[in-house]
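# Topology and contacts: notes
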Amino acid sequence: MENFLTILILLYILPYTTFSSPIPPQHPAPAPIADPDLKLSPQSTTELPTRTSEETPNGSLVKRTGTVPSPPAGAVIKNVLVDCIRFDENGNLEDICNIDCYIHLCLERSTLMKYNQEDSIQGVHRTESGFGIHPFTGVQVRLDGYGVTRFGPQYQSPEEWPPASSAQGGSGLVGSGDGDPIDYRHQALLAGVMSRGQTRQGTALNSAYTKATLHDGTISPLRNGEWFDVSFRSNADYCRALARWKSGDMHIEEKEEKCKKDNKGPKDPVNRVFVKTTPKGDRKPKFEPAIRGEGKFGYFKGVSKRDEEDVNKKEEVGQ
(Lines give C-alpha, C1' and ligand atoms only; values in the text may rest on other atoms or scores of the structure.)
Protein backbone atom coordinates (compact mmCIF):
# COMPACT_ATOMS: atom_id res chain seq x y z
CA MET A 1 0.00 0.00 0.00
CA GLU A 2 2.84 2.39 0.87
CA ASN A 3 4.49 1.73 -2.48
CA PHE A 4 1.23 2.46 -4.26
CA LEU A 5 0.87 5.80 -2.44
CA THR A 6 4.49 6.71 -3.25
CA ILE A 7 3.89 6.13 -6.95
CA LEU A 8 0.76 8.29 -6.91
CA ILE A 9 2.66 11.15 -5.22
CA LEU A 10 5.47 10.99 -7.78
CA LEU A 11 3.02 11.03 -10.69
CA TYR A 12 1.44 14.15 -9.22
CA ILE A 13 4.71 16.03 -8.53
CA LEU A 14 6.80 15.23 -11.65
CA PRO A 15 4.90 17.41 -14.18
CA TYR A 16 5.63 20.49 -12.07
CA THR A 17 9.25 19.71 -11.35
CA THR A 18 12.11 21.45 -13.28
CA PHE A 19 15.60 19.99 -13.67
CA SER A 20 18.76 21.97 -14.32
CA SER A 21 20.54 20.94 -17.54
CA PRO A 22 23.23 22.49 -19.74
CA ILE A 23 21.84 25.13 -22.13
CA PRO A 24 22.49 24.01 -25.68
CA PRO A 25 24.78 26.35 -27.61
CA GLN A 26 22.91 28.94 -29.63
CA HIS A 27 23.99 29.86 -33.18
CA PRO A 28 24.22 33.64 -33.60
CA ALA A 29 21.58 35.16 -35.82
CA PRO A 30 22.88 36.28 -39.20
CA ALA A 31 23.82 39.92 -39.41
CA PRO A 32 21.17 42.04 -41.12
CA ILE A 33 21.87 43.03 -44.70
CA ALA A 34 21.89 46.78 -44.98
CA ASP A 35 21.21 46.85 -48.70
CA PRO A 36 18.53 44.45 -49.92
CA ASP A 37 20.09 44.57 -53.40
CA LEU A 38 23.12 42.72 -52.03
CA LYS A 39 21.13 39.58 -51.19
CA LEU A 40 22.93 37.10 -53.38
CA SER A 41 23.07 33.39 -53.85
CA PRO A 42 25.81 31.57 -51.86
CA GLN A 43 27.81 31.11 -55.05
CA SER A 44 27.92 34.77 -56.01
CA THR A 45 29.23 38.12 -54.92
CA THR A 46 28.96 41.64 -56.22
CA GLU A 47 32.21 42.93 -54.80
CA LEU A 48 35.20 40.63 -54.49
CA PRO A 49 37.55 41.83 -51.73
CA THR A 50 41.10 42.48 -52.82
CA ARG A 51 43.94 41.16 -50.72
CA THR A 52 44.40 43.32 -47.63
CA SER A 53 48.13 43.37 -48.30
CA GLU A 54 49.94 42.80 -51.54
CA GLU A 55 53.49 42.80 -52.80
CA THR A 56 54.00 45.40 -55.50
CA PRO A 57 56.35 44.94 -58.49
CA ASN A 58 59.13 46.71 -56.56
CA GLY A 59 58.78 44.30 -53.63
CA SER A 60 57.08 46.59 -51.08
CA LEU A 61 53.91 45.64 -49.23
CA VAL A 62 50.83 47.83 -49.46
CA LYS A 63 47.40 47.70 -47.84
CA ARG A 64 44.19 47.95 -49.82
CA THR A 65 40.66 48.79 -48.72
CA GLY A 66 38.71 48.68 -51.99
CA THR A 67 36.89 45.83 -53.64
CA VAL A 68 36.88 44.72 -57.26
CA PRO A 69 33.40 45.01 -58.79
CA SER A 70 32.17 41.69 -60.14
CA PRO A 71 28.74 40.58 -61.41
CA PRO A 72 26.67 38.24 -59.25
CA ALA A 73 26.10 34.69 -60.45
CA GLY A 74 23.28 34.59 -62.93
CA ALA A 75 23.45 38.30 -63.70
CA VAL A 76 22.27 39.40 -67.13
CA ILE A 77 25.23 40.56 -69.21
CA LYS A 78 24.22 42.77 -72.12
CA ASN A 79 26.29 43.27 -75.26
CA VAL A 80 27.38 46.80 -76.16
CA LEU A 81 28.91 47.37 -79.59
CA VAL A 82 30.70 50.70 -80.08
CA ASP A 83 30.60 51.55 -83.79
CA CYS A 84 33.87 53.39 -84.32
CA ILE A 85 33.47 53.28 -88.12
CA ARG A 86 29.98 54.71 -88.45
CA PHE A 87 30.55 57.62 -86.06
CA ASP A 88 34.14 58.37 -87.03
CA GLU A 89 35.20 61.75 -88.36
CA ASN A 90 38.60 62.24 -89.96
CA GLY A 91 39.99 59.28 -88.04
CA ASN A 92 39.59 60.98 -84.63
CA LEU A 93 37.17 58.43 -83.17
CA GLU A 94 39.09 55.50 -84.60
CA ASP A 95 42.18 56.87 -82.86
CA ILE A 96 40.34 56.80 -79.53
CA CYS A 97 38.97 53.31 -80.15
CA ASN A 98 42.50 52.14 -80.94
CA ILE A 99 43.64 53.44 -77.55
CA ASP A 100 40.76 51.80 -75.70
CA CYS A 101 41.40 48.48 -77.43
CA TYR A 102 45.09 48.71 -76.54
CA ILE A 103 44.08 49.12 -72.89
CA HIS A 104 41.86 46.03 -73.06
CA LEU A 105 44.32 43.89 -75.01
CA CYS A 106 47.72 44.83 -73.61
CA LEU A 107 46.91 46.07 -70.10
CA GLU A 108 44.12 43.53 -69.67
CA ARG A 109 41.35 45.77 -68.45
CA SER A 110 38.24 43.62 -68.63
CA THR A 111 35.67 44.33 -71.33
CA LEU A 112 33.05 43.36 -68.75
CA MET A 113 31.80 46.50 -67.00
CA LYS A 114 28.95 47.83 -64.85
CA TYR A 115 27.12 50.90 -66.14
CA ASN A 116 27.02 53.93 -63.82
CA GLN A 117 25.02 57.10 -64.50
CA GLU A 118 25.55 58.83 -61.14
CA ASP A 119 27.34 62.15 -61.61
CA SER A 120 28.84 62.12 -58.12
CA ILE A 121 30.51 58.75 -58.65
CA GLN A 122 31.72 59.73 -62.10
CA GLY A 123 33.33 62.82 -60.55
CA VAL A 124 35.18 60.66 -58.05
CA HIS A 125 36.39 58.40 -60.83
CA ARG A 126 37.75 61.35 -62.81
CA THR A 127 39.66 62.52 -59.76
CA GLU A 128 41.09 59.06 -59.12
CA SER A 129 42.26 58.57 -62.70
CA GLY A 130 43.78 62.05 -63.00
CA PHE A 131 41.30 63.09 -65.71
CA GLY A 132 40.21 66.09 -63.64
CA ILE A 133 43.55 67.91 -63.87
CA HIS A 134 43.73 67.58 -67.69
CA PRO A 135 47.41 66.56 -67.68
CA PHE A 136 47.80 66.84 -71.47
CA THR A 137 46.73 70.49 -71.60
CA GLY A 138 49.15 73.40 -71.75
CA VAL A 139 52.79 73.98 -72.56
CA GLN A 140 55.50 71.32 -72.54
CA VAL A 141 56.88 72.28 -69.14
CA ARG A 142 53.47 71.53 -67.60
CA LEU A 143 53.36 68.13 -69.28
CA ASP A 144 56.89 67.41 -68.08
CA GLY A 145 55.80 68.20 -64.54
CA TYR A 146 53.14 65.53 -64.69
CA GLY A 147 55.32 63.05 -66.55
CA VAL A 148 53.17 62.75 -69.67
CA THR A 149 53.60 63.27 -73.42
CA ARG A 150 51.11 63.84 -76.23
CA PHE A 151 51.17 63.13 -79.94
CA GLY A 152 50.78 66.79 -80.87
CA PRO A 153 49.50 70.14 -79.56
CA GLN A 154 45.94 69.33 -80.64
CA TYR A 155 45.85 66.12 -78.60
CA GLN A 156 45.04 67.73 -75.26
CA SER A 157 41.74 66.14 -74.28
CA PRO A 158 42.17 63.25 -71.79
CA GLU A 159 40.66 59.94 -72.85
CA GLU A 160 39.86 57.92 -69.72
CA TRP A 161 39.35 54.18 -70.06
CA PRO A 162 37.67 52.27 -68.54
CA PRO A 163 35.23 55.18 -68.57
CA ALA A 164 34.06 57.13 -65.54
CA SER A 165 30.54 55.98 -66.43
CA SER A 166 31.44 52.45 -65.33
CA ALA A 167 32.18 50.88 -61.95
CA GLN A 168 35.61 50.05 -63.38
CA GLY A 169 36.48 53.73 -63.88
CA GLY A 170 38.84 55.70 -61.64
CA SER A 171 40.69 53.42 -59.25
CA GLY A 172 38.79 50.44 -60.63
CA LEU A 173 37.84 49.57 -57.05
CA VAL A 174 34.74 50.20 -54.95
CA GLY A 175 35.33 51.79 -51.57
CA SER A 176 38.92 52.99 -52.01
CA GLY A 177 39.79 56.12 -50.06
CA ASP A 178 42.23 59.01 -49.99
CA GLY A 179 45.80 57.84 -49.56
CA ASP A 180 45.12 54.29 -50.72
CA PRO A 181 47.93 52.94 -52.92
CA ILE A 182 47.26 52.58 -56.63
CA ASP A 183 46.25 49.10 -57.77
CA TYR A 184 47.78 49.01 -61.25
CA ARG A 185 45.78 45.93 -62.18
CA HIS A 186 42.58 47.98 -62.09
CA GLN A 187 43.42 51.70 -62.28
CA ALA A 188 41.87 53.54 -65.26
CA LEU A 189 44.32 54.82 -67.88
CA LEU A 190 44.63 58.16 -69.70
CA ALA A 191 45.80 59.32 -73.13
CA GLY A 192 45.78 62.67 -74.89
CA VAL A 193 43.34 62.74 -77.83
CA MET A 194 41.49 65.21 -80.07
CA SER A 195 38.46 66.81 -78.40
CA ARG A 196 36.45 66.40 -81.63
CA GLY A 197 37.06 62.68 -81.40
CA GLN A 198 35.62 62.56 -77.89
CA THR A 199 32.50 64.36 -79.08
CA ARG A 200 32.05 61.62 -81.65
CA GLN A 201 32.81 59.01 -79.01
CA GLY A 202 30.01 60.35 -76.80
CA THR A 203 27.57 59.94 -79.68
CA ALA A 204 28.84 56.42 -80.41
CA LEU A 205 28.58 55.33 -76.76
CA ASN A 206 25.08 56.73 -76.33
CA SER A 207 23.98 54.86 -79.45
CA ALA A 208 25.67 51.67 -78.23
CA TYR A 209 24.02 51.86 -74.80
CA THR A 210 20.62 52.47 -76.36
CA LYS A 211 21.04 49.53 -78.73
CA ALA A 212 22.48 47.10 -76.19
CA THR A 213 21.37 43.54 -76.80
CA LEU A 214 20.67 40.41 -74.80
CA HIS A 215 22.34 37.10 -75.62
CA ASP A 216 19.56 36.25 -78.09
CA GLY A 217 20.02 39.51 -79.97
CA THR A 218 16.96 41.25 -78.53
CA ILE A 219 17.52 45.00 -78.11
CA SER A 220 17.43 46.00 -74.45
CA PRO A 221 18.70 49.53 -73.67
CA LEU A 222 21.35 49.61 -70.96
CA ARG A 223 20.17 50.95 -67.61
CA ASN A 224 22.02 52.23 -64.57
CA GLY A 225 23.61 49.41 -62.57
CA GLU A 226 23.45 46.83 -65.35
CA TRP A 227 26.42 44.80 -66.55
CA PHE A 228 27.64 44.76 -70.12
CA ASP A 229 30.42 43.39 -72.30
CA VAL A 230 31.86 45.99 -74.67
CA SER A 231 33.20 45.31 -78.15
CA PHE A 232 34.26 47.56 -81.00
CA ARG A 233 33.34 47.73 -84.68
CA SER A 234 36.57 49.24 -85.87
CA ASN A 235 39.34 49.06 -88.42
CA ALA A 236 41.87 50.27 -85.84
CA ASP A 237 44.92 48.06 -85.40
CA TYR A 238 44.49 47.16 -81.73
CA CYS A 239 40.72 46.70 -82.08
CA ARG A 240 41.25 44.11 -84.81
CA ALA A 241 43.82 42.41 -82.57
CA LEU A 242 41.46 42.52 -79.57
CA ALA A 243 38.69 40.88 -81.61
CA ARG A 244 41.06 38.11 -82.63
CA TRP A 245 42.24 37.63 -79.05
CA LYS A 246 38.71 37.38 -77.67
CA SER A 247 37.69 34.93 -80.39
CA GLY A 248 40.68 32.69 -79.62
CA ASP A 249 42.32 33.37 -82.96
CA MET A 250 45.50 34.84 -81.45
CA HIS A 251 48.16 32.98 -79.48
CA ILE A 252 49.74 34.51 -76.37
CA GLU A 253 53.10 34.79 -78.13
CA GLU A 254 51.56 36.96 -80.84
CA LYS A 255 49.79 39.07 -78.23
CA GLU A 256 53.02 39.66 -76.33
CA GLU A 257 54.75 40.71 -79.54
CA LYS A 258 51.87 43.01 -80.44
CA CYS A 259 52.03 44.83 -77.10
CA LYS A 260 55.78 45.50 -77.15
CA LYS A 261 57.03 49.06 -77.47
CA ASP A 262 59.72 48.07 -79.97
CA ASN A 263 59.54 49.85 -83.33
CA LYS A 264 56.26 51.61 -82.52
CA GLY A 265 55.64 55.14 -83.83
CA PRO A 266 54.75 58.19 -81.68
CA LYS A 267 51.02 57.87 -82.47
CA ASP A 268 50.85 54.26 -81.31
CA PRO A 269 48.95 53.91 -77.98
CA VAL A 270 51.99 52.24 -76.43
CA ASN A 271 53.65 55.67 -76.48
CA ARG A 272 50.58 57.66 -75.45
CA VAL A 273 48.81 55.83 -72.61
CA PHE A 274 49.66 56.78 -69.01
CA VAL A 275 48.70 55.77 -65.49
CA LYS A 276 48.52 58.01 -62.44
CA THR A 277 51.00 56.84 -59.81
CA THR A 278 50.09 59.10 -56.90
CA PRO A 279 47.21 58.20 -54.55
CA LYS A 280 43.87 59.93 -54.57
CA GLY A 281 44.11 63.22 -52.68
CA ASP A 282 47.76 63.88 -53.57
CA ARG A 283 48.16 67.54 -54.58
CA LYS A 284 51.04 66.86 -56.95
CA PRO A 285 49.88 64.00 -59.18
CA LYS A 286 52.40 62.15 -61.30
CA PHE A 287 52.02 59.78 -64.22
CA GLU A 288 54.07 57.05 -65.85
CA PRO A 289 53.83 55.29 -69.22
CA ALA A 290 51.44 52.31 -69.23
CA ILE A 291 53.39 49.67 -71.14
CA ARG A 292 52.90 45.94 -70.76
CA GLY A 293 55.86 44.35 -69.00
CA GLU A 294 57.51 47.68 -68.06
CA GLY A 295 57.49 49.95 -65.01
CA LYS A 296 54.27 49.67 -63.00
CA PHE A 297 53.12 46.97 -65.39
CA GLY A 298 56.20 44.82 -64.94
CA TYR A 299 54.00 42.06 -63.51
CA PHE A 300 53.16 41.21 -67.15
CA LYS A 301 56.03 38.98 -68.18
CA GLY A 302 56.33 38.19 -71.84
CA VAL A 303 56.24 34.57 -72.89
CA SER A 304 59.65 34.83 -74.52
CA LYS A 305 61.12 36.25 -71.33
CA ARG A 306 59.60 33.46 -69.26
CA ASP A 307 60.90 30.85 -71.70
CA GLU A 308 64.36 32.41 -71.58
CA GLU A 309 64.35 32.36 -67.77
CA ASP A 310 63.27 28.70 -67.74
CA VAL A 311 66.13 27.80 -70.09
CA ASN A 312 68.62 29.67 -67.89
CA LYS A 313 67.35 27.87 -64.79
CA LYS A 314 67.70 24.47 -66.50
CA GLU A 315 71.25 25.33 -67.56
CA GLU A 316 72.12 26.39 -64.00
CA VAL A 317 70.74 23.13 -62.61
CA GLY A 318 72.76 21.16 -65.15
CA GLN A 319 76.04 22.81 -64.13
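Above this text you will find the structure in question.
Overview of the structure. Just so you know, these numbers come straight off a predicted model, no measurement behind them.

## Focus: the sheet that holds strand β7 (residues 157-161)
- On the basis of which strands lie adjacent, the open sheet formed by four strands has the order β7-β8-β10-β11 and antiparallel pairing. The sheet is open, and its two edges are formed by β7 and β11 (287-289), each paired on a single side. Shown here is a sheet whose adjacent strand axes are inclined to one another by a mean of 40 degrees, direction ignored.
- Note: β7 against strand β8 (residues 189-193), five bridges, orientation antiparallel. Looking at β8, one finds that Pro158 is bridged to Gly192.

## With respect to the packing of helix α2 (residues 92-106) against helix α6 (residues 237-247)
- Contact pair α2 / α6: the axes reach a minimum separation of 7 Å and the direction vectors enclose 35 degrees. As for how α2 packs across α6, the hand of that crossing is left-handed. Note on element contacts: α6 touches α2 through Asp237, Tyr238, Cys239, Ala241, Leu242 and Trp245, opposite Cys97, Asn98, Cys101, Tyr102, His104, Leu105 and Cys106.
- Here the residues of the contact of α2 with α6 are counted per class, giving ten nonpolar, two polar and one charged.

## Details of the nonpolar core
- Counting 45 residues, the largest nonpolar core has Val80, Val82, Phe232 and Val273 as its most contacted members.
- Among the elements of the structure, β5 (77-83), α2, β8, α5 (195-210), β9 (227-233), α6 and β10 (273-276) are those that each provide at least two residues to this core.
- The greatest single-element share of this core, amounting to nine residues, is contributed by α2.
- Dropping the residues within four chain positions of it, Phe232 is found in contact with Leu81, Val82, Cys84, Cys97, Asp100, Cys101, His104, Trp161, Cys239 and Leu242.
- Judged by nonpolar contacts, the second largest core, of eight residues, contains Phe131, Phe136, Val148 and Phe287.

## Description of the sheet that holds strand β6 (residues 112-114)
- The strand order β5-β9-β6 describes an open sheet built from three strands, whose pairing is mixed. Every other strand in the sheet has two partners, leaving β5 and β6 as the edge strands with one partner each. Averaged over neighbouring strand pairs, the angle between their axes works out to 40 degrees when direction is ignored.
- The pairing of β5 with β9 spans seven bridges and is parallel.

## With respect to the environment of Gly170
- Turning to its location among the elements, Gly170 is positioned in the loop between β7 and β8.
- Each C-alpha atom of the pair Gly170 and Glu128 lies 4.8 Å from the other, and the pair is 42 residues apart in sequence.

## Regarding the side chain of Ser129
- You can see Ser129 is positioned in helix α3 (residues 119-129).
- With residues up to four places along the chain from it excluded, the contact list for Ser129 reads Glu160, Gly170, Gln187, Ala188, Leu190, Lys276 and Phe287.

## Considerations on the packing of α2 against α5
- Two elements in contact, α2 and α5, have axes whose closest approach is 8 Å; the angle formed by their N-to-C orientations is 75 degrees. Taken together, α2 and α5 sit at an angle that is classed as roughly perpendicular. Along the contact surface, α2 presents Asn92, Leu93, Ile96 and Asp100, while α5 presents Arg196, Gly197, Gln198, Arg200, Gln201 and Ala204.
- When grouped by side-chain class, the residues that make up the contact of α2 with α5 number three nonpolar, four polar and three charged.

## Considering the packing of aromatic side chains
- Tallied over the full model, the rule gives ten aromatic pairs.
- For the ring pair Tyr102 and Tyr238, a centre distance of 5.3 Å and an interplane angle of 80 degrees mean the geometry is edge-to-face. Residue Tyr102 is found in helix α2, and its partner Tyr238 is found in helix α6; the two are separated by 136 residues along the sequence. In this structure, Tyr102 and Tyr238 share a single accessibility class: buried.
- Seen in terms of ring centroids, Tyr146 and Phe287 are 6.3 Å apart; in terms of plane orientation they differ by 90 degrees. Their pairing is edge-to-face. Taken together, the positions of Tyr146 in helix α4 (residues 140-146) and Phe287 in strand β11 put the pair 141 residues apart, joining distant regions of the chain. Just as Tyr146 is buried, Phe287 falls in that class too.
- Across from the ring centre of Phe131, 5.5 Å away, lies the NZ or CZ of Arg126, which sits over that ring.

## Overview of the side chain of Asn92
- Considering the arrangement of structural elements, one finds Asn92 in helix α2.
- Excluding residues within four positions of it along the chain, Asn92 makes contact with Met194, Arg196 and Gly197.

So, how was this worked out
- Residues numbered from 1 in each chain as written.
- Predicted model: local features only at pLDDT ≥ 70, side-chain atom pairs only at ≥ 80, totals over all residues.
- Heavy atoms only, no water.
- Pairing = 2+ DSSP bridges.
- Helix = DSSP H or I, 4+ residues; strand = E, 2+ residues; numbered from the N terminus.
- Axes fitted to C-alpha atoms, helices over the stretch in contact; angles between N-to-C directions.
- Left-handed = near helix turned anticlockwise from the far one by under 90°.
- Contact = heavy atoms within 4.5 Å.
- Nonpolar A, V, L, I, M, F, W, Y, C, P; charged D, E, K, R; others polar.
- Core = buried A, V, L, I, M, F, W, Y, C linked by side-chain atoms within 4.5 Å.
- Buried < 20%, exposed > 50% of the residue type's maximum accessible area, 1.4 Å probe, protein only.
- Parallel < 35°, antiparallel > 145°, perpendicular 65-115°, else oblique.
- Phe/Tyr/Trp six-rings, centres within 6.5 Å; stacked < 30°, edge-to-face > 60°.
- Lys NZ or Arg CZ within 6 Å of the ring centre and 35° of its normal.

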